[in-house]
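Residue strings, one per chain:
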Amino acid sequence: MIYLMTGDAALGADALARFTRDEAALIASVDDSISEVLGWQPDHLIGKPSTDFIHPEDQPSAIAAWFAMLSAPGEPRVWRGRYRAADGTWKWVETVNVNRLDDAAAPFVFSTMTRIAVDQVSAEEELRARTQLLSRLSDALPVGLFQIDADRKITFTNDQLYTITGCPPSATVRAQLATVATEDLPLLEDVLSAVLANQPADDVELRLQLLEDGDVRSREVERVCVLTMRPLTGSTGDVSGAIGCLSDVTERVQLRRELEVRASVDPLTACLNRATTLELLDETLAQQARLGAPTAIMFVDLDEFKQVNDGLGHAAGDRVLEIAARRMGSILRDGDHAGRIGGDEFLVICPNVETRAVGLNIGRRLARTLTTDIAIGDNTVELRASIGVAWTDELVDADTFVAHADMAMYEAKANHASDAVLYAPGTDRGHHMAAPTLLAKPAG
């Protein structure tokens, strides 16, 4: 039920109007007592939405109360605000609504409307003024605000929340945050459970999946937000609900990611830079130690690269490096990474390589893709590479592992074959192997 009130002392204190509305809040029936409360005849109201008669400033609270009532069938719900009377004045009324829409025989929302005494109107006006101030202050904030009760039902929101979440006003917090990415729903659930157990939650990052421009035909875009929540307690100390603050940090996160990429990627070749490559190798070997997954690396050195720089200039050399990096990336498996560790030197890290033969096969595929002629202006450059392969299924430190691949690369360079050579354990040299019969996985 919803109670509406007027502050007109000329109306009888016991005046009570009864009416019904459908799910869309259209007035379906009104008894004659409405004329005592607001001065309207019933036929002036039937078929019209309630919002046609509610003061514009009171409509947000009325809508919120309506949705709260719809989510709680059979429970009386109270709202107070101003209704337009037949003489054009605004009257304070109190309404009680009961949701009976699940009644198959006669689904409707039953309402009663009554007035309050004149001395109560000033208190309502003061409360309304305070509520309006808080509402407008919250709407001026660049963050989304919402309040929930202990049953996770929405009791307050500001307009910015709808803009951030892309969701219309909803009765429950889960519906209001319906655009949270599926993968982040468990995290949201943990936050709600914690805050309703009287534990604050700070700076929880959530991803939202929204349709661009709100059009169902548009592509889906990701928005990154930070959620902070605080519990609300009653006079007994029990948690009565919580208040949440949702900030859109998409631009900040994108900037952070861009800075992370710039800090980890070689700007010319788009490969990992030296520091990131060696850090990744340490992580890969540490993972190997935990999981027992063999690792292979390839030390790649472009042949005769100095002559390109000296003869055709550094711009031509840069072009060769770009093409070499792109060709390497095209044949690497998912999970493999190429890093530039020197002027014309690259290190390829390949986790989960089953055998030495598979590692050598990956190296030979790299050698083949780096054997081509490149047209640079009016000149043709022969792209060739010497590649040293190291493989291990045992604990080894990164420096030693790279040194093994480096030795094998020099062996390949000494053979002038633009091929891959596998490091031979127990020696200081690499060695060729017969073409392996176990092939590497297809390039990712």
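No experiment lies behind these values; they were computed from the predicted model shown.

Undergrad: Please set out the overall build of the chain residue by residue, giving values where relevant.
TA: What the chain contains, in helices and strands, is 12 helices and 19 strands. Counting all 444 residues of the chain, 45% fall into the buried class. At a minimum sequence separation of 6, the contacts of the chain that also span at least 24 residues come to 58%. Accessible area of the chain: about 22400 Å², with a carbon and sulfur share of 52%.

Undergrad: Residue-level account of the nonpolar core, with values.
TA: Ranked by internal contacts, the top residues of the largest apolar core, which has 37 residues, are Met-298, Val-300, Leu-302, Val-348 and Ile-387. No other element matches helix H10 (residues 314-331), which puts 8 residues into this core. The contact partners of Val-300, leaving out residues within four places of it in the chain, are Met-328, Asp-344, Glu-345, Phe-346, Val-348, Leu-370, Ala-385, Ser-386 and Ile-387. Counting residues in hydrophobic clusters, the runner-up holds 23 residues, among them Ile-148, Leu-161, Val-180 and Leu-208.

Undergrad: Any chance you could break down the pairing of strand E12 (residues 295-302) for me, citing the residues and the numbers?
TA: On any regular strand, side chains alternate: one points to one face of the sheet, the next to the other face. Counting buried positions over the 8 residues of E12 gives 8, a clear majority of the element. By the alternation rule, side chains of E12 split into Thr-295, Ile-297, Phe-299 and Asp-301 and Ala-296, Met-298, Val-300 and Leu-302, which are all buried. With 7 bridges joining them, E12 and strand E14 (residues 345-351) adopt antiparallel strand pairing. Residue pairing in the sheet places Met-298 in a bridge with Val-348 of E14. Inspection of the sheet shows E12 paired to strand E17 (residues 385-392) by 8 bridges, in the antiparallel sense. Bridge pairing in E17 places Met-298 opposite Val-389.

Undergrad: So what's going on with the side chain of Asn-309? Which residues, and what values?
TA: Turning to its location among the elements, Asn-309 is positioned in helix H9 (residues 305-312). Among residues more than four places away in sequence, those in contact with Asn-309 are His-314 and Gly-317.

Undergrad: Tell me what's going on with the packing of aromatic side chains, and back it up with residues and numbers.
TA: To describe a pair of aromatic rings, you give the distance between the ring centres and the angle between the ring planes. For the structure on display, the rule yields 2 aromatic pairs. With a centroid separation of 5.6 Å and 75 degrees between ring planes, the pair formed by Trp-40 and Phe-53 is classed as edge-to-face. Of this pair, Trp-40 sits in the loop between helix H1 (34-37) and helix H2 (59-70) while Phe-53 sits in the loop between H1 and H2; the two residues are 13 residues apart in sequence, bridging distant segments of the chain. Classification of Trp-40 by relative accessible area gives buried; the value is 13%.

Undergrad: If you had to explain a negative patch on the surface to someone new, which residues and values would you point to?
TA: A contiguous patch of negative charge on the surface is contributed by Glu-279, Asp-282, Glu-283, Asp-397 and Asp-399. Sorting elements by how many residues they give to the negative patch places helix H8 (residues 274-291) first, with 3 residues. Within the element layout of this structure, Asp-399 appears in helix H12 (residues 398-414). With relative accessibility at 65%, the residue Asp-399 sits in the exposed group.

Undergrad: Please provide a residue-by-residue account of the pattern of salt bridges, values included.
TA: Enumeration according to the criterion identifies 16 salt bridges in this entry. Put simply, Asp-303 and Lys-413 hold a salt bridge, and the shortest N to O gap is 2.8 Å. Separated by 110 residues along the polypeptide, Asp-303 in the loop between E12 and H9 and Lys-413 in helix H12 bring together distant segments of the chain. Since its relative accessible area comes to 26%, Lys-413 is described here as partly exposed. Among the ionic pairs, Asp-310 bridges to Lys-306, the shortest N-O distance being 2.7 Å. Taken together, the residues span about one helical turn, with Asp-310 and Lys-306 both in helix H9 at a distance of 4 residues. Here Asp-310 matches Lys-306 in class, with each residue exposed. When salt bridges that share partners are traced, they join Glu-57, Asp-58 and Arg-82 into one network.

Undergrad: Which residues make up the environment of Ser-111, and what values do they have?
TA: Inspection of the secondary structure puts Ser-111 in strand E6 (residues 108-114). Residues contacting Ser-111, with those up to four places away along its chain left out, are Ala-17, Arg-18, Phe-19, Arg-21, Thr-95, Val-96 and Asn-97. Within polar-contact distance, the side chain of Ser-111 engages the side chain of Asn-97 at 2.4 Å.

Undergrad: Go over the packing of H10 against helix H11 (residues 356-369), please, and point to the residues and values.
TA: For any two helices packed against each other, the geometry comes down to the angle between their axes and how far apart the axes lie. Close contact between H10 and H11 brings their axes to 9 Å; oriented N to C, the two are set at 140 degrees. Relative to H11, H10 is oriented oblique. At the point where H10 passes H11, the crossing takes the right-handed sense. Taking contact as the criterion, the partners of Arg-327, Met-328, Ser-330 and Ile-331 in H10 are, on H11, Arg-365, Leu-366 and Thr-369. Of the residues belonging to the contact of H10 with H11, the class tally is 3 nonpolar, 2 polar and 2 charged.

Cut-off values and rules
- Residues numbered from 1 in each chain as written.
- Predicted model: local features only at pLDDT ≥ 70, side-chain atom pairs only at ≥ 80, totals over all residues.
- Heavy atoms only, no water.
- Helix = DSSP H or I, 4+ residues; strand = E, 2+ residues; numbered from the N terminus.
- Buried < 20%, exposed > 50% of the residue type's maximum accessible area, 1.4 Å probe, protein only.
- Contact = heavy atoms within 4.5 Å.
- Areas by Shrake-Rupley, 256 points an atom, 1.4 Å probe, with all protein chains shown as cover.
- Core = buried A, V, L, I, M, F, W, Y, C linked by side-chain atoms within 4.5 Å.
- Pairing = 2+ DSSP bridges.
- Phe/Tyr/Trp six-rings, centres within 6.5 Å; stacked < 30°, edge-to-face > 60°.
- Patch = residues over 30% accessible without salt bridge, like charges linked within 9 Å, V, L, I, M, F, W, Y side chains within 5 Å.
- Salt bridge = Lys/Arg side-chain N within 4 Å of Asp/Glu carboxyl O.
- Lys, Arg positive; Asp, Glu negative; His and termini not counted.
- Charge placed at Lys NZ, Arg CZ, Asp CG, Glu CD.
- Polar contact = N/O pair within 3.5 Å; in protein donor to acceptor, adjacent residues only side chain to side chain.
- Axes fitted to C-alpha atoms, helices over the stretch in contact; angles between N-to-C directions.
- Parallel < 35°, antiparallel > 145°, perpendicular 65-115°, else oblique.
- Left-handed = near helix turned anticlockwise from the far one by under 90°.
- Nonpolar A, V, L, I, M, F, W, Y, C, P; charged D, E, K, R; others polar.

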